[in-house]
Number of protein chains: 2
Amino acid sequence: MSLQSVDPRTGTPFGDVIPETTSDELDQIATAASAAAGAWSLTTGAKRATALRAVADRLDARSGELVEIADRETGLGSMRLAGEVGRSTFQLRMFADLVESGGHLGVTIDHAVPGAPPTGHPDLRRMNVALGPVAVFAASNFPFAFGVPGGDAASALAAGCPVVVKAHPSHPRTSIVAGEVFGDALSAAGAPVGTFAVVHGMEAGRELVLTPAIRAAAFTGSGAGGRALFDLASNRPVPIPFYGELGSVNPVVVTPEGAPDGSLFASAYVDSLTMGTGQFCTNPGLLLVPSGSGLTERITVEASRREPGVLLNAGIVGHLHDEVARLAALPGVRTLLAAPGPTTGGYRAGPVILATDGTAAMAQPELLRTECFGPAAVIVEYASEEELLAVLGLLDGCLVATVHGDEVEPLSATLISTLSGIAGRVLWNDWPTGVAVTAGQHHGGPFPATTNSLHTSVGTAAVLRFLRPVAFQSVPGALLPTALQD
Amino acid sequence: MSLQSVDPRTGTPFGDVIPETTSDELDQIATAASAAAGAWSLTTGAKRATALRAVADRLDARSGELVEIADRETGLGSMRLAGEVGRSTFQLRMFADLVESGGHLGVTIDHAVPGAPPTGHPDLRRMNVALGPVAVFAASNFPFAFGVPGGDAASALAAGCPVVVKAHPSHPRTSIVAGEVFGDALSAAGAPVGTFAVVHGMEAGRELVLTPAIRAAAFTGSGAGGRALFDLASNRPVPIPFYGELGSVNPVVVTPEGAPDGSLFASAYVDSLTMGTGQFCTNPGLLLVPSGSGLTERITVEASRREPGVLLNAGIVGHLHDEVARLAALPGVRTLLAAPGPTTGGYRAGPVILATDGTAAMAQPELLRTECFGPAAVIVEYASEEELLAVLGLLDGCLVATVHGDEVEPLSATLISTLSGIAGRVLWNDWPTGVAVTAGQHHGGPFPATTNSLHTSVGTAAVLRFLRPVAFQSVPGALLPTALQD
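Remember, it's a predicted structure, so these values are computed and weren't measured experimentally.

Draft legend 1. Fine view of the pairing of strand S4 (residues 124-130) of chain A. Residue and element names in this part refer to chain A. Judged by how many residues are buried, S4 sits mostly within the fold: 6 of 7 residues are covered. As paired elements, strand S3 (residues 108-110) and S4 share 3 bridges and run antiparallel to each other. Paired with Ile109 across the strands is Arg125, a residue of S4. Sheet topology places S4 next to strand S19 (residues 467-473); 7 bridges connect them, and they run antiparallel. Residue Ala130 lies in a different strand from S19, and its bridge partner there is Leu467.

Draft legend 2. Inspection of the environment of Val67 of chain A at higher detail. Residues and elements named next belong to chain A. Relative to the helices and strands, Val67 resides in helix H3 (residues 63-74). A relative accessible area of 8% places Val67 in the buried class. Along the sequence, Val67 and Cys398 sit 331 residues apart, while their C-alpha atoms lie 31 Å from each other. The contact partners of Val67, leaving out residues within four places of it in the chain, are Ser78, Leu81, Ala82, Val85 and Phe144.

Draft legend 3. Layout of the confidence of the model for chain A. Taken as a whole, chain A shows an average pLDDT of 97; of its residues, 99% reach a score of 70 or greater. The ipTM assigned to the predicted complex is 0.98, against a pTM of 0.98.

Draft legend 4. Summary view of the interface of chain A and chain B. Contact with chain A, which involves 66 residues of that partner, is made by 66 residues of chain B. Around 5,100 Å² of area is buried between chain A and chain B when both sides are counted, 60% of it from carbon and sulfur atoms. For the interface between chain A and chain B, the tally reads 0 salt bridges. Counting across the interface, chain A meets chain B through 39 residue pairs in polar contact (both at pLDDT 80 or more). Counting residues per element, the ones that place at least two in the side of chain A that touches chain B are helix H4 (78-101), S3, S4, helix H8 (223-234), helix H15 (410-420), strand S18 (423-428) and S19 of chain A. At 7 residues, S19 of chain A tops the list of elements feeding residues into the side of chain A that touches chain B. In terms of residue class, the side of chain A that touches chain B is made up of 36 nonpolar, 18 polar and 12 charged.

Draft legend 5. Just the nonpolar core, in detail. Membership of the largest hydrophobic core comes to 109 residues, with the highest contact counts inside it found for Phe472 of chain A together with Phe95, Leu186, Phe196, Leu288 and Phe466 of chain B. For this core, the element with the most residues is helix H4 (residues 78-101) of chain B, which contributes 8 residues. Here Phe196 of chain B is in contact with Val148, Ala153, Leu157, Val163, Val165, Gly179, Phe182, Gly183 and Leu186 of chain B, once residues within four sequence places are set aside. Counting residues in each nonpolar core, the second largest holds 108 residues, with Met94, Leu157, Leu354 and Val463 of chain A among its members.

Draft legend 6. Spotlight on unusual backbone geometry. Cis geometry marks the peptide bond from Pro117 of chain A to Pro118 of chain A, where omega comes out at 5°. Structurally, the position occupied by Pro118 of chain A is in the loop between S3 and S4. Along the chain, Phe447 of chain B connects to Pro448 of chain B via a cis peptide bond; the corresponding omega equals 10°. Mapped onto the fold, Pro448 of chain B is located in the loop between strand S18 (423-428) and strand S19 (467-473). Backbone geometry at Thr277 of chain A places phi at a positive 55°, although glycine is not the residue there. Take Thr277 of chain A: it is sitting in the loop between helix H9 (262-274) and strand S11 (286-290). Since its relative accessible area comes to 11%, Thr277 of chain A is described here as buried. In this model, Asn250 of chain B sits at a positive phi of 50°, which is unusual for a non-glycine residue. Tracing the chain through its elements places Asn250 of chain B in the loop between strand S9 (242-245) and strand S10 (251-254).

Draft legend 7. Expanded view of the relation of the copies chain A and chain B. Each copy of the sequence occupies a distinct position, and chain A is placed on chain B by a rotation of 180° and an axial shift of 0.0 Å, giving an RMSD of 0.0 Å. Between the two chains, the operation in question is that of a two-fold axis. Ranked by how close their C-alpha atoms come to the rotation axis, the residues of chain A are headed by Ser234 of chain A, at 3.3 Å. In this assembly, 98% of the residues forming the interface of chain A have copies in chain B that are likewise at the interface, indicating an isologous arrangement.

Draft legend 8. A look at the side chain of Arg425 of chain A. In this structure, Arg425 of chain A sits in strand S18. Lacking a salt bridge, the buried Arg425 of chain A has Asp430 of chain A as its closest oppositely charged neighbour, with an N-O distance of 6.7 Å. A polar side-chain atom of Arg425 of chain A sits 3.0 Å from the main-chain carbonyl oxygen of Pro432 of chain A. With sequence-adjacent residues up to four places away left out, Arg425 of chain A is seen in contact with Thr282, Leu399, Val400, Ala401, Pro432, Gly434, Val435, Gln441 and His442 of chain A together with Leu124, Ala471 and Gln473 of chain B.

Draft legend 9. Quick peek at the side chain of Ser420 of chain B. You can see Ser420 of chain B is positioned in helix H15 (residues 410-420). For Ser420 of chain B, the side chain forms a polar contact with the main-chain oxygen of Ser417 of chain B, separated by 2.8 Å. If we ignore the near neighbours within four places in the chain, the residues touching Ser420 of chain B are Val129, Arg468, Val470 and Phe472 of chain A together with Val426 of chain B.

Draft legend 10. A look at the pattern of salt bridges. All names here are of chain A. Applying the stated criterion across every chain yields a total of 36 salt bridges over all chains. Arg80 is the partner of Glu84 in a salt bridge, and the nearest nitrogen-oxygen pair spans 2.8 Å. Here Glu84 pairs with Arg80, and both are found in helix H4, just 4 residues apart, close to one helical turn. Arg80 gets classed as partly exposed once you look at its relative accessible area, which sits at 21%. Here Asp231 ties to Arg227 by a salt bridge, and the two come within 3.0 Å at their closest N and O atoms. Of the two residues, Asp231 and Arg227 both sit in helix H8, 4 residues apart, roughly one turn of that helix. Three or more residues are tied together by salt bridges with common partners; here these are Asp271, Glu302, Arg305 and Arg306.

Draft legend 11. Highlighting the sheet that holds strand S17 (residues 398-404) of chain A. Taken in spatial order, the 10 strands make up an open sheet running S13(A)-S15(A)-S16(A)-S11(A)-S10(A)-S17(A)-S18(A)-S19(B)-S4(B)-S3(B), and their pairing is mixed. The two strands at the open ends of the sheet, each matched to only one other strand, are strand S13 (334-337) of chain A together with strand S3 (108-110) of chain B. Sheet twist, expressed as the average angle between the axes of neighbouring strands with direction ignored, equals 20°. Sheet topology note: the strand S10 (residues 251-254) of chain A/S11 of chain A ladder contains 3 bridges and is parallel. Counted as the bridge partner of Val253 of chain A is Leu288 of chain A from S11 of chain A. Lying over the sheet, helix H11 (residues 314-328) of chain A contacts S13, strand S15 (352-357) and strand S16 (376-382) of chain A, oriented at roughly 25° with respect to S15 of chain A.

Draft legend 12. Representation of the sheet that holds strand S8 (residues 216-220) of chain B. All names here are of chain B. Read from one edge to the other, the open sheet built from 5 strands follows the order S7-S6-S5-S8-S9, with strand pairing classed as parallel. Each edge of the open sheet carries a strand with a single partner, namely strand S7 (196-199) and S9. Neighbour-to-neighbour, the strand axes of this sheet turn through a mean angle of 15°, independent of strand direction. In terms of strand pairing, strand S5 (residues 134-137) meets strand S6 (residues 163-166) through 4 bridges, oriented parallel. Looking across to S6, one finds that Ala135 is bridged to Val164.

Draft legend 13. Highlighting the packing of aromatic side chains. Residues and elements named next belong to chain A. On inspection of all chains with the given rule, the structure shows 20 aromatic pairs over all chains. Ring centres of Tyr269 and Trp431 lie 6.0 Å apart, and the angle between their planes is 50°; this geometry places the pair in the tilted category. Residue Tyr269 is found in helix H9, and its partner Trp431 is found in the loop between S18 and S19; the two are separated by 162 residues along the sequence. With respect to burial, Tyr269 and Trp431 carry one shared label: buried. One aromatic cluster in this structure is built from Phe137, Phe219, Phe230 and Phe242. The ring of Phe142 has Arg80 sitting right over it, with the charged end atom 4.4 Å from the ring centre.

The rules we used
- Residues numbered from 1 in each chain as written.
- Chains lettered and ligands numbered in written order.
- Predicted model: local features only at pLDDT ≥ 70, side-chain atom pairs only at ≥ 80, totals over all residues.
- Heavy atoms only, no water.
- Buried < 20%, exposed > 50% of the residue type's maximum accessible area, 1.4 Å probe, protein only.
- Helix = DSSP H or I, 4+ residues; strand = E, 2+ residues; numbered from the N terminus.
- Pairing = 2+ DSSP bridges.
- Contact = heavy atoms within 4.5 Å.
- pLDDT = per-residue confidence, 0-100.
- Buried area = accessible area lost by both parts, 1.4 Å probe.
- Salt bridge = Lys/Arg side-chain N within 4 Å of Asp/Glu carboxyl O.
- Polar contact = N/O pair within 3.5 Å; in protein donor to acceptor, adjacent residues only side chain to side chain.
- Nonpolar A, V, L, I, M, F, W, Y, C, P; charged D, E, K, R; others polar.
- Core = buried A, V, L, I, M, F, W, Y, C linked by side-chain atoms within 4.5 Å.
- Least-squares fit on C-alpha atoms with pLDDT ≥ 70 in both.
- Lys, Arg positive; Asp, Glu negative; His and termini not counted.
- Axes fitted to C-alpha atoms, helices over the stretch in contact; angles between N-to-C directions.
- Phe/Tyr/Trp six-rings, centres within 6.5 Å; stacked < 30°, edge-to-face > 60°.
- Lys NZ or Arg CZ within 6 Å of the ring centre and 35° of its normal.

Structure representation (structure tokens):
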């Protein structure tokens with residue numbers, strides 16, 4: 001089996017054929033990662049920080065070249081892609097700062113307390129240690145920030161874990177070049193051989209998650225693909241944590257007072273819906289508005305003015321078409337802006353607007369639970385607050401949920417509380433696309449948004465996915481890890 | 001199906017038959033837990049703390065009665081059992097202090113930073129919220145501390161989660177009475193109906209972990225049972241986290257200088273091995289000593305002086321017998337103190353000592369990986385440091401690993417580092433039985449010791465198993481949860 005780059009603007013393959021990673025090659029990579037694990041986990045925070053910063057510097061220096069390759073493979077545009085390289089290097093430097101400070105170690109020291117238990121206890125000191133080699137499954141839609149040099153790889157390396165990235169087939173060439181830049185910089189900074197590798201091919205990905213040397217996996221992608229890999233990870237003889245970010249409908253609720261300027265709201269909503277041709281895991285694909293507000297009509301007018309955008313690959317085009325067609329055919333659903341027809345000469349889609357009411361949505365909850373990955377919106381017009389809350393009760397877990405409201409409406413507090421019960425992030429009068437990289441971020445959420453709602457794939461806390469605590473009891477100072485010494 | 005109390009000192013059933021929980025009853029319990037989840041999670045930390053302390057007070061007040069029932073069902077002795085009630089109430093009060101302080105919320109506040117991303121970002125504030133109803137599978141060997149009123153129930157309730165405990169069939173009566181005391185105290189303190197329940201029966205346990213309303217499960221018990229339930233939890237349509245503590249061989253390594261007083265060491269080792277008739281998940285079942293040290297002989301003499309102790313049930317007797325017989329039959333294994341024969345008139349076992357050398361252990365790694373639950377030791381006599389390290393390389397993940405050494409030996413540092421790679425807790429010149437309840441504790445470890453090495457079932461951090469983060473973006477102060485307000 002082999003892969004090839006395709007220009008999504010034309011649908012034309014280009015460049016050399018790229019072979020998939022064979023089982024033998026994967027074995028060698030896993031063996032090398034396993035051999036590197038001890039040394040990499042024991043490097044000091046300062047040295048790991050230096051290595052991560054070296055990677056960031058090298059990626060920044062090669063940004064122009066990387067963006068050019070990625071733009072040809074993804075059609076995402078050079079401005080967006082340059083921003084993504086910047087986001088990736090920002091993340092690498094953020095994790096460098098974190099490990100340099102030792103903040104990822106979660107050091108807790110309990111000095112001995114004399115006396116009988118439970119009050120009395122021996123000296124106990126706890127810190128986090130690396131899990132071992134990590135498999136990272138790169139996303140299609142962010143070739144850098146959630147790709148080979150993205151947050152999963154950066155956080156796992158920061159934790160002290162070697163990383164094997166399974167590249168996404170939508171941008172194999174970008175993945176190869178980014179992987180070379182990344183790996184070369186790590187090597188030059190003294191990381192052990194085997195600390196970083198990139199593999200290609202779906203079967204290699206399946207084998208990777210089953211490889212005994214792999215101790216955890218992180219994934220960003222589709223619900224079906226993520227669930228299949230989660231099942232493999234969970235059913236191994238030695239199960240491993242699988243941190244899958246599987247996507248979400250990301251509901252946006254507009255209260256009766258929530259869009260005082262309907263035109264402005266419609267324009268901003270369509271901006272968020274069509275950003276990156278809707279290929280964001282935080283895309284606001286489900287909108288709940290008061291019936292009779294006129295927002296549906298304004299949004300349709302606004303969306304009808306937008307040009308089609310480029311989609312990443314034929315699979316996304318087909319999936320979007322199929323899911324939109326399935327929902328559009330349901331009773332009570334109006335197609336206000338048509339589903340894209342078959343595209344020729346490239347992968348493109350314009351905005352799609354479906355509308356329905358609360359009754360139809362409650363009778364057919366797939367309208368509330370289906371992610372149409374791309375620039376497609378389902379607008380539910382609710383007749384009353386009671387109906388709105390009943391509709392929200394049918395939602396699945398999601399990455400992010402948004403309220404557009406007025407602070408003084410009693411409904412607003414109810415919505416913030418209700419949505420925090422199903423989402424990993426709750427927004428107020430803002431847009432979900434764009435996920436800030438900070439300590440306070442949480443990019444996660446209940447299943448099916450992710451396979452592990454306790455963890456985030458964005459922000460400094462992402463490093464915690466790859467660390468486990470160890471307590472040291474009555475161990476003398478000279479034998480303790482440095483971080484635990486008095 | 002029904003259950004009955006059995007006096008393990010005589011093997012005689014006593015008391016009324018206890019019916020297993022039916023599917024209909026389980027449905028009602030799950031529905032009530034689900035209905036309670038919102039209100040319980042939104043109670044203030046102060047109110048939850050008051051409720052947890054009320055439970056502790058009520059358990060302390062009824063300690064005499066509880067100990068009497070438990071002693072008859074478990075044969076663990078009233079002193080040990082009274083200590084266990086004290087440990088349980090200590091834990092409840094510790095978690096009360098934690099939630100009162102808000103420490104479990106993990107509040108992180110990032111004020112807005114103006115400018116373009118990635119440096120600029122909106123106001124983001126993160127806190128932990130409760131997962132929802134939790135299933136707790138109580139252990140056989142600690143009817144209180146890991147039973148109905150144990151750390152799993154206490155930490156889940158502290159997190160704001162309703163709890164359904166599946167009682168262990170070794171002490172159904174104890175579980176019923178402890179559950180009544182627990183539930184009544186919670187109700188009197190104002191907890192919603194449905195916040196706490198106890199169910200009985202293996203099939204009820206299987207159904208419980210598959211119940212959609214259940215959002216996480218905690219388990220302490222056997223490897224086979226825990227793995228089976230982990231598989232059910234992971235393969236649900238909506239998978240849930242399953243925190244299983246499955247047991248461990250808990251290796252103890254003696255360095256060449258590690259036991260300057262061999263008799264003292266032997267006596268202390270046998271004390272730890274036979275504590276609670278060896279029915280501790282932290283029991284030191286694998287001992288590695290320098291060959292020719294004489295420690296094997298001293299331990300055998302010491303162990304031969306100990307009286308048999310009471311085991312909890314017929315299953316543990318049979319399993320211990322079978323596992324010891326299997327290991328004893330392996331080539332190169334010497335039985336120095338015999339396996340217990342068939343017991344009559346009760347469930348009892350005296351210490352068992354098997355010995356082998358490094359060569360045989362490496363050829364048959366089951367000698368290093370089989371937990372013989374009870375007072376049974378496998379002693380591996382190693383010929384050299386190299387052989388010792390090679391043997392340690394074959395160990396599975398474990399809860400706790402211990403070094404008895406001299407601080408100035410270079411081997412000591414190597415061992416502390418090596419063992420921290422496979423264990424959740426590393427001890428120095430101490431004994432693993434007895435797990436202190438502190439903030440710095442970690443009672444966990446890599447599979448097969450647990451199904452999730454990132455978490456602990458003992459200590460304040462146990463509460464984190466039942467919480468997930470939510471980030472609030474640009475939410476005005478009046479609409480934020482109190483803990484996130486400026």
